[in-house]
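Residue strings, one per chain:
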Amino acid sequence: MGGMRMQRLNNGLEIPRLGLGVWQTDNGTEAIRAIHWAFDAGYRHVDTARIYKNEEAVGQAIKQADLPRQDIWLTTKIWNDDIRQGRATAALEESLRRLDTDYVDLLLLHWPVDGSVAAWQELERALEAGKVRSIGLSNFMEDDIRKIIGAGNVRPAVNQIEYHPYLVQADAISTSDEYDIAITAWSPLMQGKFLQEPLFAEIAKRYDRTAAQVVLRWCIQNDVIVIPKSVHQKRIVENGQLFDFELAESDMVDIDNLERGHRFGPDPHDFDF
Ligand code: NAD
């Protein structure tokens with residue numbers, strides 16, 4: 001893997017800039033096949049969560065793959081109920097058992113709910129115990145990030161937020177930048193709606209690329225890690241070909257100008273789960 005494929009985190013570890021997202025992927029053959037296709041296509045990073053209910057299949061896929069465990073970046077997340085109930089450590093143990101591994105590379109607090117500061121302190125202990133290599137946040141906005149920074153000893157390595165050309169969440173990004181917290185984009189392909197935006201197809205044509213590759217490459221050139229989801233081999237391969245072309249500044253700016261504060265997922269300031 002070339003240097004461009006990796007991004008250095010504030011804890012010194014290098015995370016692959018491309019991962020496979022497995023939300024809404026069945027806990028069986030569907031996930032196992034998708035992950036193996038991704039590995040064959042050069043992906044070395046899988047993004048799951050307890051709430052996706054497919055950690056068993058993710059674990060099996062990694063076990064059965066022809067790759068050493070240390071070559072794979074595995075992320076999972078602590079679900080909101082576990083954060084609220086003060087059982088982050090127990091939830092991590094359960095995830096590790098389902099994933100059939102001794103450690104995860106990144107453990108995130110999935111949403112900023114009551115109890116997240118105490119949960120963060122549990123994550124710090126898991127880090128010390130070697131059960132996780134990095135710890136981070138997901139869907140944490142400015143005030144939530146500052147609360148964790150104020151109470152914790154370890155800086156979050158990553159903040160995983162909804163991010164795509166229609167929604168860049170500048171406040172969360174600038175607060176993350178302040179603490180050198182890397183950004184991972186969830187729903188980088190706008191949950192498939194990128195197909196309805198003619199600009200991507202227009203740019204793609206000029207580069208002899210696809211619209212999906214243009215959107216994902218725009219994220220990468222903004223130093224944002226991407227975890228596109230697909231269970232189809234052709235799309236998984238396509239979404240992985242991001243490191244052999246570069247968008248010109250003028251195309252980057254044209255895509256930047258699509259920003260409209262439009263969410264495809266829940267609002268971290270107003271959610272009820
Ligand atoms: P996405 O933006 O990655 O879009 C995926 C959809 O786009 C697919 O289901 C498919 O319909 C379409 N698609 C994918 N590749 C395509 C291609 N090459 N051509 C045409 N269509 C294509 O959506 P997502 O699954 O919401 O987000 C990606 C990952 O982010 C998830 O799988 C999950 O791992 C993570 N995520 C995290 C959170 C969080 O709260 N932390 C929330 C949502 C998603």
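Up top is the structure these notes are about.
J.: Sorry, what's going on with the pairing of strand 7 (residues 135-138) here?
T.: On any regular strand, side chains alternate: one points to one face of the sheet, the next to the other face. Judged by which residues are buried, strand 7 turns out to be covered on both faces: Ile-135 and Leu-137 on one side and Gly-136 and Ser-138 on the other are all buried. Pairing analysis gives three bridges linking strand 6 (residues 106-109) to strand 7, with the strands arranged parallel. Paired with Leu-109 across the strands is Leu-137, a residue of strand 7. Handedness of the strand 6-helix 5 (residues 116-128)-strand 7 crossover: right-handed. Where strand 7 meets strand 8 (residues 158-162), two bridges bridge the pair, whose relative direction is parallel. Bridging across to strand 8, Ser-138 finds its partner in Gln-160.

J.: Explanation requested: the nonpolar core in the structure shown.
T.: Nonpolar side chains tend toward joint burial in soluble globular proteins. Judged by nonpolar contacts, the single largest core of 77 residues is most densely connected at Ile-78, Leu-109 and Ile-255. Setting aside chain neighbours within four positions, we find Ile-255 in contact with Pro-165, Leu-199, Phe-200, Ile-203, Val-214, Trp-218 and Leu-247.

J.: I'm lost on the site of the ligand in this one. Help?
T.: The full set close to the ligand counts 26 residues, and Asp-47, Ser-138, Asn-139, Ser-187 and Leu-189 are the nearest of them. With respect to the ligand, the backbone of Trp-23 contributes an N or O atom lying 3.0 Å from an oxygen atom. Residue Asp-47 places a side-chain N or O atom 2.7 Å away from an oxygen atom belonging to the ligand. In isolation the ligand has 830 Å² of accessible area, and contact with the protein removes 89% of it. Sort the elements by how many residues they give to the shell around the ligand and helix 10 (residues 233-240) lands first, with three residues.

J.: Quick question: what am I supposed to make of the pairing of strand 9 (residues 182-186) here?
T.: The element strand 9 is extensively covered by neighbouring structure, given that five of its five residues are classed as buried. Because side chains alternate across strand 9, one face comprises the buried residues Ala-182, Thr-184 and Trp-186, and the other comprises Ile-183 and Ala-185, equally buried. Relative to strand 9, strand 8 runs parallel, the two being bridged by five bridges. Among the inter-strand pairings, Val-158 is bridged to a residue of strand 9, identified as Ala-182. Examined bridge by bridge, strand 9 and strand 10 (residues 224-226) share three bridges and lie parallel to one another.

J.: When you look at the side chain of Glu-122 in this model, what are you seeing that I'm missing?
T.: Counting through the fold element by element, Glu-122 comes out in helix 5. As a buried residue without a salt bridge, Glu-122 has its nearest oppositely charged side chain in Arg-125, at a separation of 5.1 Å. Among all residues touching Glu-122, those that are not within four sequence positions of it are Gly-86, Arg-87, Ala-88 and Thr-89.

J.: Please clarify how the environment of Thr-25 should be interpreted in this entry.
T.: Mapped onto the fold, Thr-25 is located in the loop between strand 3 (20-21) and helix 1 (29-40). Between the C-alpha atoms of Thr-25 and Asp-270, which are 245 residues apart in sequence, the distance is 26 Å. Apart from residues no more than four positions distant in its own chain, Thr-25 is found in contact with Glu-30, Ala-31, Asn-54, Lys-229 and Val-231. A polar contact is formed between the side chain of Thr-25 and the backbone oxygen of Val-22, at a distance of 3.2 Å.

What counts and how
- Residues numbered from 1 in each chain as written.
- Predicted model: local features only at pLDDT ≥ 70, side-chain atom pairs only at ≥ 80, totals over all residues.
- Heavy atoms only, no water.
- Buried < 20%, exposed > 50% of the residue type's maximum accessible area, 1.4 Å probe, protein only.
- Helix = DSSP H or I, 4+ residues; strand = E, 2+ residues; numbered from the N terminus.
- Pairing = 2+ DSSP bridges.
- Right-handed = clockwise from strand over helix to strand, strands pointing away.
- Core = buried A, V, L, I, M, F, W, Y, C linked by side-chain atoms within 4.5 Å.
- Contact = heavy atoms within 4.5 Å.
- Near = heavy atom within 4 Å.
- Polar contact = N/O pair within 3.5 Å; in protein donor to acceptor, adjacent residues only side chain to side chain.
- Areas by Shrake-Rupley, 256 points an atom, 1.4 Å probe, with all protein chains shown as cover.
- Lys, Arg positive; Asp, Glu negative; His and termini not counted.
- Salt bridge = Lys/Arg side-chain N within 4 Å of Asp/Glu carboxyl O.

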